[in-house]
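Structural description and commentary
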Amino acid sequence: MAEMLRLPAYEQLRILAEQKHPKQAPQIFRTPYYQPAIAGVRSYYASGNDRSKLSAAKSKALSASQPSRRDNLIRVIDKFETTPAALRSLSIMKHTKYTAAIGDLQLRLSPDIQALDGEKPVFIYYNCRSIKLDEEAAKLTLEIAHWVLDENGINVKPIQIEYLDLATGVLHQVKTRRPTTVKALKNNARIISALWPTI
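Criteria and cut-off values
The residue count restarts for each chain, going from 1 along the sequence in the order it is written. Under the rules for a predicted model, residues below a pLDDT of 70 receive no local features and side-chain atom pairs below 80 are neither given nor counted, while totals for whole chains, interfaces and linings still include all residues. Think of the side-chain values as coming from all heavy atoms in the structure, minus any hydrogens and water. Pairing of aromatic side chains here covers Phe, Tyr and the six-membered ring of Trp, requires ring centres within 6.5 Å, and sorts the geometry by plane angle: under 30 degrees stacked, over 60 edge-to-face, intermediate tilted. Summary of the burial criterion: residues with accessible area below 20% of their type's maximum are buried, those above 50% are exposed, and those between are partly exposed, where the area comes from a 1.4 Å probe applied to protein chains only. Segments assigned H or I by DSSP are reported as helices when at least four residues long, segments assigned E as strands when at least two residues long, and all are numbered from the N terminus. Remark: a charge is flagged as sitting over a ring if the NZ atom of Lys or the CZ atom of Arg is within 6 Å of the ring centre and within 35 degrees of the ring normal. Here, strands pair whenever DSSP counts at least two bridges between them. When checking whether two residues touch, look at their non-hydrogen atoms; a contact exists if any pair is within 4.5 Å. Note on geometry: axes are lines fitted to C-alpha atoms, helical ones only across the stretch in contact, with angles between N-to-C directions running from 0 to 180 degrees. What a helix is expected to span follows from its residue count: subtract one and scale by 1.5 Å. Summarising the geometry, the arc corresponds to the directions from the helix axis toward the C-beta atoms. Seen with its strands pointing away from the viewer, a crossover is right-handed if its path from the first strand over the helix to the second goes clockwise.

What about the packing of aromatic side chains?
As enumerated under the stated definition, the model contains seven aromatic pairs in all. Ring centres 5.4 Å apart and planes at 55 degrees place the aromatic pair tyrosine 44 and tyrosine 45 in the tilted group. Both residues of the pair, tyrosine 44 and tyrosine 45, count as buried. For the ring pair phenylalanine 80 and tyrosine 126, a centre distance of 6.2 Å and an interplane angle of 90 degrees mean the geometry is edge-to-face. Here the residue phenylalanine 80 occupies a position in helix H4 (residues 67-82), and tyrosine 126 occupies one in strand E5 (residues 120-127), the gap between them amounting to 46 residues. One exposure class covers both phenylalanine 80 and tyrosine 126, and it is buried. By way of ring pairs, the aromatic residues Tyr44, Tyr45, Phe80 and Tyr126 are connected into one cluster. When the ring centre of tyrosine 33 is taken as reference, the NZ or CZ atom of arginine 69 above it lies at 5.6 Å.

Examining the sheet that holds strand E7 (residues 170-172)
If you trace the five strands from one edge of the open sheet to the other, you get E1-E4-E5-E6-E7, paired in mixed fashion. Lying at the two open borders of the sheet, with one neighbouring strand each, are strand E1 (91-92) and E7. One ladder, built from five bridges, connects strand E4 (residues 113-117) with E5; its direction is antiparallel. Along E5, the bridge assignment pairs alanine 115 with valine 122. Packed onto the sheet, helix H5 (residues 135-151) meets E5, strand E6 (161-165) and E7 and runs at close to 150 degrees relative to E6.

Topic: the pairing of strand E2 (residues 98-102)
Covered by surrounding structure in E2 are Tyr98, Ala100 and Ile102 only, the residues Thr99 and Ala101 on the alternate face being uncovered. Both E2 and strand E3 (residues 105-109) contribute to a ladder of five bridges, which runs antiparallel. When the sheet's bridge partners are listed, tyrosine 98 is paired in E3 with leucine 109. Between E2 and E3, which follow one another and run antiparallel, lie two residues, and glycine 103 among them has a positive phi close to 65 degrees.

What about helix H2 (residues 35-46)?
With twelve residues, H2 ought to run about 16 Å at 1.5 Å a step, and its terminal C-alpha atoms sit 16 Å apart, in line with that. Listed as buried for H2 are Ala37, Ile38, Gly40, Val41, Tyr44 and Tyr45. Looking straight down H2, one finds its buried side chains confined to an arc of 155 degrees; they lie on one side. Of the surrounding elements, those touching the buried residues of H2 are helix H3 (52-61), H4, E1, E4 and E5. Immediately beyond the C-terminal end of H2, within one or two residues, lies glycine 48, with a positive phi of roughly 80 degrees.

A closer look at the pairing of E6
For E6, the tally of buried residues reaches five of five residues, placing the bulk of the element in the interior. Going residue by residue along E6, you find Ile161, Tyr163 and Asp165 tucked away on one face and Glu162 and Leu164 tucked away on the opposite face as well. Across five bridges, E5 lies against E6 in parallel orientation. Paired with tyrosine 125 across the strands is tyrosine 163, a residue of E6. For the crossover from E5 across H5 to E6, the handedness is right-handed. Where E6 meets E7, three bridges bridge the pair, whose relative direction is antiparallel. Opposite aspartate 165, over in E7, you have valine 170 as the bridge partner.

Printed below as a string of structure tokens:
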């Protein structure tokens, strides 16, 4: 959604078509590409930072049928190990999916990590791509995530939602949610509702 807020309607059609017809090529939304690597990170934190869990995730990545996917999964785990995030102690919470409605559009929120940092809940996303995360896209993602959590009665500050760019090691956070983001979100929901039946 953060990406779509910055695109004209005709370019949004491509993303919507991939979501409406996930079994058609290129099947971007059919299987989460980086899920095995994220599962390894989650297991690492759940074990109290046992690095053998990351090694096990890399071993499992070797079974990926596509060489490019295998290399990318291992790259993500290797990158995570070099960041300060690997030194954090987090208590993994139950993975919960949240939804919020804008008219007939439903937004689904599923952070990569949901955990307690001490007594403070944190919600973490990872940029697993090899290219640098766009700063504005990161901000929009964090603000939209905060809005969805707010709609679900989850009382957290925006800074408790994080987006770690594994390509650069930069941790993105925002202290406030801009009113303009929610306004743009609602306006774009109307565009999506209009486009959806035409796909």
